[in-house]
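So you can see what is in the structure, the chains are spelled out below.
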Amino acid sequence: MPNLPQTLEEAVEQAKVATKAALDAGYTRLQVELLFPELKMMPIAQQFIPAFEDLGSQLRVYFPDAGAAALARRDWGEKPYAIRGIRDLNSEIQPDEQLILFVEPSSVEVQEVEQLCQVAMDRPVVVLNPRMEDIVTIGIGLAGRRLRERFLNLFESCYYLQPLEKAAIFRAYPSGWQVWVEKDSDYELVSETPQKPVGEALDQILMAATGENPDEAQPLRKKGLMASMQEFLRALSQ
């Protein structure tokens, strides 16, 4: 069972292993989420994608727009696989492509992503840090609910890392959903569940582990793992 990562680089390595394990287990719709503010996805994608480069031309990578795709092609050098913007003229999935990877698709592109996934059929699709559930764009009414039921809910979270105040939610397939809490300048595993803990369930876990009401928690007094990672990520995004 993987432990909470000590660095962003370690988190990306864990994400590679978890994604490969989920693909080997037969999952065809997967998402990887590193939920840090201001995280730049281009360097994350550059570290993550080599895990699948052995597929060569059978891999296809999509960015939200043509500009980001062109930047990746320029900075990454010659690659055996296609790198395209979702709305590029030559963005169609080819018959011999076996793995489709989307980098940070947003709710603006969700319709195109869904259409491409339909074309992919049973071929595996991995989305890296999706932002497709923006309430402002897809809405909270019937249309938004149908989109979630029809498409967004199909994706299994094979890797997930979200820092909280004095805590973190973590999942690396095949392990369950874990909650880690800061104790004595380190982080300790306090809960593991089959489903992602949210809302009241998460509050109860944190209260049981810390004895504090999450709504009344005091700011961090000392720099723990997540504070250090936040600093590292801010430096990375400069």
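Presented here is a report on the structure given in the accompanying data block. Bear in mind the structure is a predicted one, so any value in this text is a computation, not a measurement. (Residues numbered from 1 in each chain as written. Predicted model: local features only at pLDDT ≥ 70, side-chain atom pairs only at ≥ 80, totals over all residues. Heavy atoms only, no water.)

Quick word on the overall build of the chain
Right, on to step 1. In terms of regular secondary structure, the chain is built from eight helices and nine strands.
Right, on to step 2. Considering only residue pairs separated by 6 or more positions, the chain has 64% of its internal contacts joining residues 24 or more positions apart. (Helix = DSSP H or I, 4+ residues; strand = E, 2+ residues; numbered from the N terminus. Contact = heavy atoms within 4.5 Å.)

Description of the packing of helix α1 (residues 8-24) against helix α2 (residues 41-48)
Right, on to step 1. One can describe the packing of α1 onto α2 by two numbers: an axis separation of 10 Å at closest approach and a directional angle of 50°. Classified by the angle their axes make, α1 and α2 are oblique. Crossing geometry of α1 relative to α2 is assigned as right-handed. Contacts between α1 and α2 involve L8, E9, V12, A15, K16 and T19 from the former and I44, Q47 and F48 from the latter. (Axes fitted to C-alpha atoms, helices over the stretch in contact; angles between N-to-C directions. Parallel < 35°, antiparallel > 145°, perpendicular 65-115°, else oblique. Left-handed = near helix turned anticlockwise from the far one by under 90°.)

Focus on the nonpolar core
Right, on to step 1. The biggest cluster of nonpolar side chains holds 42 residues, and the ones touching the most others in it are L34, F48, F63, W76 and Y159.
Right, on to step 2. With six residues, the top contributor of residues to this core is α1.
Right, on to step 3. Every residue in contact with L34, bar those within four places of it in the chain, is listed here: L8, A11, V12, L39, I44, N129, Y159 and L161.
Right, on to step 4. Formed by 17 residues, the second largest nonpolar core is a distinct cluster that contains I93, A120, L152 and F155. (Core = buried A, V, L, I, M, F, W, Y, C linked by side-chain atoms within 4.5 Å. Buried < 20%, exposed > 50% of the residue type's maximum accessible area, 1.4 Å probe, protein only.)

Focus on the pattern of salt bridges
Right, on to step 1. If you walk through the whole model with that rule in mind, you get eight salt bridges.
Right, on to step 2. A salt bridge links R74 to D75, with the nearest nitrogen and oxygen atoms 2.8 Å apart.
Right, on to step 3. E188 serves as the salt-bridge partner of K183, at 3.5 Å between the closest nitrogen and oxygen.
Right, on to step 4. The class for E188 is partly exposed, based on a relative accessible area of 38%. (Salt bridge = Lys/Arg side-chain N within 4 Å of Asp/Glu carboxyl O.)

Quick notes on the side chain of E114
Right, on to step 1. Along the polypeptide, E114 turns up in helix α4 (residues 110-120).
Right, on to step 2. Residues contacting E114, with those up to four places away along its chain left out, are L147, R150 and F151.

Examining the environment of L59
Right, on to step 1. Tracing the backbone through its elements, the reader meets L59 in strand β2 (residues 59-63).
Right, on to step 2. A C-alpha to C-alpha distance of 8.4 Å links L59 and P80, two positions 21 residues apart in sequence.
Right, on to step 3. Setting aside residues up to four positions removed in sequence, L59 forms contacts with I49, F52, Y81, A82, E97 and L99.

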